[in-house]
Each structure stands twice: as structure tokens, then as C-alpha cells.
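Here is what each chain is made of, one letter per residue.
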Amino acid sequence: VTVRATAPGLAPRFVSFRLQRVEDLASEAATRGQKAIPLAQARPIADHIGSSVLVSGRVEEVRMDGHRTLLILSPEGGCDGRACLVRLVYGGLRKLSRGDTITAIGRLQGVVAAAAGAGSEVPEVDVALLR
């Protein structure tokens, strides 16, 4: 699918993406969940970029950015026994609140710089399924 977006005074933008139809979303989520590796096992991050990962945890921050939702997640069990954060990028608007518990399946995109006091780098996941 290719989408063309226009706004007055700006050049048109084109975005292409693949759309996959499934008969049962719950079944598809279960299948993808079985194929995905837990994010805690995707270390070092550089060796697993592009891999399908699974992460569950508590929402620490939610922000809408255009027509996508950015989430900061504190994963269950932390990272190697220490506290850590994960940035999730969800391609849609999703009403979530701080403290909600979620599970996400998506592609590991790499790392982004973290805010002061949160560690030097945070893994970033492009979310395909969010529950």
C-alpha cells in the first residue's frame, strides 16, 4: 500500500507499507509470539537488529507523535537483574496510561540515546502487535 499525504504549503509525502490479512488476530499473535525471542535475550543489541522480539512490562511514559504512539516500557525482570527501559514505537494512536501492563511483539530497530540517569542507550522496538 502506498499512501500520499498532503498539507497546505508543504510538499506531498509518500509512505509505502505491506499489509497482511489474517483470519484470526489472536492466533497470529500467538504464532508471532512463539517465533519472537525475548528482548532480554537479544544481547548484544547490535547482533539482533531486525530480529523479531517479544517484551512485556509496565508503561512508564506515553507520548503521541503525529499518528504514532511512543512508549517507554520498564520490562518485566529488568535486564540481567538490573533496571532498564525500552522504547516502543507503535504505528497508530493507542490510549495507554502510565502503569499499564502491556506485551509487544516487533522488530528490534537498534538503540536510542537515553535521558540522563536512565543509562546510556535504550533498545528501540518497532511494534507490530500490541496487547
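A brief structural summary. (Residues numbered from 1 in each chain as written. Predicted model: local features only at pLDDT ≥ 70, side-chain atom pairs only at ≥ 80, totals over all residues. Heavy atoms only, no water.)

## Considerations on the side chain of threonine 103
Along the chain, threonine 103 turns up in strand β7 (residues 101-113). At 2.8 Å, the side chain of threonine 103 forms a polar contact with the side chain of serine 56. Ignoring anything within four residues of it in the chain, the contact list for threonine 103 reads Leu54, Val55, Ser56, Leu129, Leu130 and Arg131. (Helix = DSSP H or I, 4+ residues; strand = E, 2+ residues; numbered from the N terminus. Polar contact = N/O pair within 3.5 Å; in protein donor to acceptor, adjacent residues only side chain to side chain. Contact = heavy atoms within 4.5 Å.)

## Details of the pattern of salt bridges
The tally for this structure, following the rule as stated, stands at 5 salt bridges. Across the salt bridge formed by arginine 98 and glutamate 60, the nearest N and O atoms sit 3.4 Å from each other. With a gap of 38 residues between them, arginine 98 in the loop between β6 (86-90) and β7 and glutamate 60 in strand β4 (residues 52-65) connect regions that are remote in the sequence. Taking the relative accessible area as the measure of exposure, glutamate 60 reaches 17% and is therefore buried. Salt bridges linked by common partners bring Arg58, Glu60 and Arg98 together as one network. (Salt bridge = Lys/Arg side-chain N within 4 Å of Asp/Glu carboxyl O. Buried < 20%, exposed > 50% of the residue type's maximum accessible area, 1.4 Å probe, protein only.)

## A closer look at the side chain of arginine 87
You can see arginine 87 is positioned in strand β6. For arginine 87, a relative accessible area of 19% gives the class buried. Each residue touching arginine 87, except ones within four places of it in the same chain, is listed here: Arg68, Leu70, Leu71, Ile72, Val112, Val122, Pro123, Glu124 and Val125.

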